[in-house]
Amino acid sequence: MDSRTQPPTSVRTTCPYCGVGCGVSASADGVSPDSAHPANQGRLCVKGSALQETLVPSGRLLHPRVNGQDQDWPEALAAASGAIRQAIAEHGPGSVAFYLSGQLLTEDYYVANKLAKGFIGTPHVDTNSRLCMSSAVAAHKRAFGEDVVPGCYEDVELADLLVLSGSNAAWAHPVLYQRMKAAGRAGRRVVVIDPRRTATAELADLHLKLKPGTDSVLFNGLLVWLSDQDAVDRAYLANHCQGFEQALAAARQSAPDLAAVARHCDLPVDEVATFYRWFADTARTVTGFSQGINQSVAGTDKCNAIINCHLATGRVGQPGAGPFSLTGQPNAMGGREVGGLANTLAAHMDYDTPGARVRLAEFWGADRIPTGPGLKAVDLFDAVHRGEIKVLWIMGTNPAVSLPQAARVQDALARCPTVIVSDCVAETDTTVHANILLPAAGWGEKDGTVTNSERCISRQRSFLPLPGEVKPDWWILSAVARELGYGKAFGYQGPADIFREHAALSGVAARASGGHQRFDISALSALSNARYQQLEPVQWPVFQGPTGRLDGTRRLFSDGRFATADGRGRLIPVHTTAPGQQPTAAQPLVVNAGRIRDQWHTMTRTALAPRLLSHRPEPFIEVHPDDACALNLAEGDLGRLTGASGEAFVGRVRVTGDQRPGEVFVPIHWNDRYASRGKATALMQPVTDPVSGQPEGKHGVASLVPVACRWQARLLRRPGADWQPDRASPGGYWSRQPLSHSDSWWLAGQQPVDWAREADAWLGGAPQVLMDDPASGRFRAARIRDGRLLAVLLVEPVASELPDLAWLDQCFGAERLSKEQRHCLLAARAVDTEDVGALVCSCFQVGEHQIASAIRAGHTSVEALGRSLKCGSNCGSCIPELRGLLAQHAVSAAEVAS
């Protein structure tokens, strides 16, 4: 079928966000959950539900560009291949590097690795999965002998004790969190281990609010306690494991007893004892861990400290029991299957796997397999900065935002002679540095496979035609390969060809391992194009039964046989390591960074859906009340965090007891396209785990001061206007929030402004409606042409609260303002409409004031609010906030009664 032929109007495909890997039924007209997909079973989070809203042409990269000029594909391919060829000729293959993404499909990933490692001959191929999953990968390989998650999602439902460590699943993996919550029953317990009280703590019977960076002490202490209480499985250890005594001896050094653990982790002794007792007494225990564990200078050791406790109790690969790594991206695991990390080859082979290079060279017909691993992400961009990398090809990711010390990364990109970027978005913090921009297919246009957190391979099917000159990533890579003279090895006609080759290679690797390697999908290597199109979700390893049916494997290592040479699991000695960035007098606060509920990575997709920006509309800083008081900060103020490198993050202050004193939280998503100073990575130093190379993205240090402002404002303009807020407000604060019918900005400034004189520059022309009250500091103006609203500016003193803008945004959607709308413009709301307040429920757009009214009307439970307003009845992510509002209004009522 020609790539431009319109696929069927509705297809079963896979969500492109987190590693849960939810199935969706999608078309150009809408998205709904796939009730038949085993991952989500008919559930979908608010981001997945809003996918259709992101399928807009706005901001798409539709044509190749070379040095800022649109080009046809032949010219762009010639430029890319010419730069690669020249770099190899002058500096060797190691002067070329690839930086890939967990957003790529497995087929795209496979072709990229084959081209780079097999034919160009560079080992420098890494991926943004290095930033989220590489510590878990390294820990799995040390303990199990292979990068394998042994359990499945059903285990989080079967577990009698569910431990969530460094995982805000309610916001980062909401559908899996819904499954955890739905599985609640009498006798089941949940322990949440996190320095912050997050939405996930709503589920907790015990919340261990430990000191950041002390997770390995907590789990080392658990191993010691299990041994001292004779709660380890001695027979299992003797028959199936090695290294227990060495791991126990190392654990005793940092965690000799309960008191030492409690003191080091800053926890009450009785809470530590309760956790340890529950773990010892509960055979069906699952420990789910995510970025709070992985993104650390000691992330690999933290993961192994968790796995040690499960191996010591024989709780691996059993129903309802095992360590479970919760993957960040939709295809982080698929990328690792094909060798997407710099220290791996394809098909779960490593550079030091005996015979791997020879096998791969013979299979691919390649003669340039590198002799050793390449540079990992942080080191790779350091090499770019030093000038050692002459051609850098970035695919589907935004390292200028996501890597630590973001300003240095941008400087590295500016220095690189040739930056090639394949992306579906025209303008990101990274694409502005591209010499060659290649338009890649986005979600809905892509066709291939992804692998989720439970090893489940699912099809991501296209349901939209390719717009403009857009091409799939595998096509772009293959076309460059042909330009370089490697056409025979890259003659793919479609993703099914690539998948069959990938599957066949997995069998070669598995057989060569003598049966130790578990990754084996060779049973899928004979799929016809039709069967590939119809492929149902299946967990690897995959086997073909006697009837020809393809069967997956739910759990691994259930028999106590691991993927090591001797078949034994390994307990790893874990010596505690302090976070790489420690508070100082100049930077006294610990900075924690992470995802928020409705946004994804650097917002290139989610910001296209206005309702996803309504819950947290601008960058923010969560601060403990004691710190806020000491720093003279109040709720709603602007604060400036300054890190050790001198870079700053500016955000709206949120005062909350959910933080520990001396610590703050900031979101990771904002960037130079959406805020003046909103990059969380500006506060993170490029310190990495020595085993995995994963940067410490969850632990920075900073100082915090109020941002002195004379005024604050909201500006709304029609979409598409060529305007940037810093042109009119140099040095001030701004944050962009696209709305349904307008672009809007949060604004604040330190310098006085003569609004009556300068309003034209902000509005794009002279206002037709104006209110100026210099004595109060209030100014409001609107620009109207032929009855259509073009722009509105609302200025208030800093202490004032700006009105809700939902009604005002609707005015931009009108072809002609009504008389009533025009009269109410400067009030920014119709006098007879309710101000819904700050948004709480994104699914149904329910605001705080609406919820408060419903509570006063007698709807005094989450269920009652759901029946009245629908809030909390879809993805459930807002339920913790609903409970908070219920508690708040119960206190208010009690105060009135007294």
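Calculation notes
- Numbers given for residues are sequential positions, taken from 1 along each chain in its written order.
- Reporting in this predicted model follows two pLDDT cut-offs: at least 70 for local features of residues, and 80 or more for side-chain atom pairs to be given and counted; totals over whole chains, interfaces and linings ignore these cut-offs and use all residues.
- By convention in this description, side-chain values take in all heavy atoms of the structure and omit both hydrogens and water.
- Secondary structure follows DSSP: runs of H or I at least 4 residues long count as helices, runs of E at least 2 residues long count as strands, and numbering of each begins at the N terminus.
- Both definitions apply: the radius of gyration is a C-alpha atom measure, and the globule rule equals 2.2 Å times residues to the power 0.38.
- Each residue is assigned to one of three classes by its accessible area relative to the maximum for its type, calculated with a 1.4 Å probe on protein chains only: buried under 20%, partly exposed between the two thresholds, exposed over 50%.
- Residues are treated as being in contact if the distance between any of their heavy atoms lies within 4.5 Å.
- In this count, Lys and Arg are taken as positive residues and Asp and Glu as negative ones, while His and the chain termini are left out.
- Charged side chains are reduced to one point each, which is NZ for Lys, CZ for Arg, CG for Asp and CD for Glu.
- Here a salt bridge means any side-chain nitrogen of Lys or Arg lying within 4 Å of a carboxyl oxygen belonging to Asp or Glu.
- Pairs of strands are assigned from DSSP output, requiring at least two bridges between the strands.
- Axis definition: a line fitted to C-alpha atoms, over the contacting stretch in the case of helices. Angles run 0 to 180 degrees between N-to-C directions.
- By convention, the crossing between two helices is left-handed when the near helix turns anticlockwise from the far helix through less than a right angle, and right-handed when the turn is clockwise.

A.B. asks: Which residues make up the overall build of the protein, and what values go with them?
C.D. replies: Helix and strand counts for the protein stand at 30 helices and 36 strands. Relative to the globule expectation of 29 Å for 898 residues, the C-alpha radius of gyration of the protein, 27 Å, shows essentially globular dimensions. Taking the principal axes of the C-alpha coordinates as reference, the protein spans close to 80 × 70 × 55 Å. Across the 898 residues in the protein, those meeting the buried criterion constitute 63%. Restricting the contact set of the protein to residue pairs at least 6 apart, pairs at least 24 apart contribute 71%. Computed over 87 positive and 91 negative side-chain charges, the separation of the two mean positions in the protein equals 2 Å.

A.B. asks: Can you break down the pattern of salt bridges residue by residue, with the values?
C.D. replies: On inspection of all chains with the given rule, the structure shows 37 salt bridges. The closest approach of N and O atoms between Glu154 and Arg554, which form a salt bridge, is 3.2 Å. Pair noted here: Glu154 is in helix α5 (residues 154–158) and Arg554 is in the loop between β21 (550–551) and β22 (569–570), with a separation of 400 residues, a long-range link. Overall, Glu154 belongs to the partly exposed group, its relative accessible area being 24%. Note that Glu881 is salt-bridged to Arg597, the shortest N-O span being 3.5 Å. Note that Glu881 is positioned in helix α30 (residues 879–897) and Arg597 in the loop between β23 (589–594) and β24 (620–623), a separation of 284 residues in sequence. Glu881 sits in the partly exposed class, given a relative accessible area of 23%. Within the structure, one salt-bridge network assembled from shared partners comprises Glu154, Asp155, Arg554 and Arg555.

A.B. asks: Quick rundown of the pairing of strand β2 (residues 23–27)? Include the residues and the values.
C.D. replies: Of all the 5 residues making up β2, 4 are buried; the element is thus mostly covered by neighbouring parts of the structure. Relative to β2, strand β1 (residues 11–14) runs antiparallel, the two being bridged by 4 bridges. In the strand pairing of β2, Thr14 is matched with Gly23. Across 4 bridges, β2 lies against strand β3 (residues 30–33) in antiparallel orientation. The residue of β3 that forms the bridge with Ala26 is Val31.

A.B. asks: A description of unusual backbone geometry should follow, citing residues and the corresponding values.
C.D. replies: Residues Trp540 and Pro541 are joined by a peptide bond in cis, for which omega reads 0°. Secondary-structure assignment places Pro541 in the loop between β19 (538–539) and β20 (543–544). Positioned with a positive phi, Asp266 is a non-glycine residue whose angle comes to about 60°. Following the sequence through the fold, Asp266 ends up in the loop between α11 (258–265) and α12 (269–281). The phi torsion at Asn632 lies on the positive side, around 60°, for a residue other than glycine. Assignment of secondary structure puts Asn632 in the loop between α23 (625–630) and β25 (638–643). For Asn632, a relative accessible area of 66% corresponds to the exposed category.

A.B. asks: Residues and numbers for the environment of Ser800, please.
C.D. replies: In this structure, Ser800 sits in the loop between β34 (788–797) and α26 (806–812). Sequence-distant contacts of Ser800, that is, excluding residues within four places in its chain, are made with Gln712 and Arg778.

A.B. asks: Can you lay out the packing of α11 against α12 for me, pointing to particular residues and giving the numbers?
C.D. replies: Where α11 contacts α12, the axes come no closer than 9 Å and their chain directions differ by 115°. The two elements α11 and α12 meet at a crossing, and its hand is right-handed. Between α11 and α12, the residues in contact are Leu258, Ala259, Val261 and Ala262 and Val269, Val272, Ala273 and Tyr276, respectively.

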